[in-house]
Amino acid sequence: MTTWEKQPKKKWKGLKDSLRKNLNKLKTVSGQESRHVNPYKYTTIMSFVTPFLVNREQQSNLSSGESDEDVAVPDPVFGSPFVAQEVGGFFCLHPAS
């Protein structure tokens, strides 16, 4: 792709990102004090895009049974698994039982 072909794509991405950012600023959580947010100047013109601006579901690299504090890590030297546990702000490795 040449430079002149990339410019419209970059401009469109900027417009979409600005619209998404403004729409996210307008959202409030239950009990949150309302605040004044200036509307994005192209909100009405770009209203056809809003159905497609769906936030993706967050994915985790941990399975549902694992937690951040208790992850088995295989030892590269001996091959036996160790469990990493946070103790006082530091991570310690203990043999898995």
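Residues numbered from 1 in each chain as written. Predicted model: local features only at pLDDT ≥ 70, side-chain atom pairs only at ≥ 80, totals over all residues. Heavy atoms only, no water.

You'll find the chain entered in an unreviewed UniProt entry as MADF domain-containing protein, with Oedothorax gibbosus given as the organism.

## Concerning the overall build of the chain
Secondary structure summary: the chain contains one helix and three strands in total. When the elements of the chain are put in sequence order from the N terminus, they spell out α-β-β-β. Split into buried and exposed, the 97 residues of the chain put 10% on the buried side. The contacts in the chain between residues at least 6 apart in sequence include a share of 31% that link residues at least 24 apart. As presented, the chain carries roughly 8,900 Å² of accessible surface, and 56% of it is formed by carbon and sulfur atoms. (Helix = DSSP H or I, 4+ residues; strand = E, 2+ residues; numbered from the N terminus. Buried < 20%, exposed > 50% of the residue type's maximum accessible area, 1.4 Å probe, protein only. Contact = heavy atoms within 4.5 Å. Areas by Shrake-Rupley, 256 points an atom, 1.4 Å probe, with all protein chains shown as cover.)

## Observations concerning the pattern of salt bridges
Close approach of charged atoms allows side chains of opposite charge to pair. Here the structure, examined in full by the defined rule, presents one salt bridge. For Lys 13, the salt bridge identified is with Asp 17, shortest N-O distance 2.9 Å. One end of the pair is Lys 13 and the other is Asp 17, both in helix 1 (residues 3-26) and four residues apart, which spans about a single turn. (Salt bridge = Lys/Arg side-chain N within 4 Å of Asp/Glu carboxyl O.)

## Let's talk about the nonpolar core
Judged by nonpolar contacts, Leu 19, Tyr 40, Met 46, Val 49 and Leu 53 together constitute the single largest core of five residues. Setting aside anything within four residues of it in sequence, one finds Tyr 40 in contact with Leu 15, Ser 18, Leu 19, Asn 22 and Met 46. (Core = buried A, V, L, I, M, F, W, Y, C linked by side-chain atoms within 4.5 Å.)

## Brief notes about the packing of aromatic side chains
Tallying each qualifying case throughout the model produces two aromatic pairs. Residues Trp 12 and Phe 48 carry aromatic rings whose centres are separated by 6.5 Å and whose planes lie at 20° to one another, so their mutual orientation is stacked. Here Phe 48 lies in the loop between helix 1 and strand 1 (71-74) and Trp 12 lies in helix 1, a separation of 36 residues in the sequence. Relative accessible area serves as the criterion here: at 51%, Phe 48 is assigned to the exposed category. (Phe/Tyr/Trp six-rings, centres within 6.5 Å; stacked < 30°, edge-to-face > 60°.)

## A few points about the side chain of Asn 22
Mapped onto the elements, Asn 22 comes out in helix 1. Judged by its relative accessible area of 9%, Asn 22 is buried. Reaching out from Asn 22, the side chain makes a polar contact with the backbone oxygen of Asn 38 at a distance of 3.1 Å. For Asn 22, the contacting residues outside a window of four places in its chain are Val 37, Asn 38, Pro 39, Tyr 40 and Thr 43. (Polar contact = N/O pair within 3.5 Å; in protein donor to acceptor, adjacent residues only side chain to side chain.)

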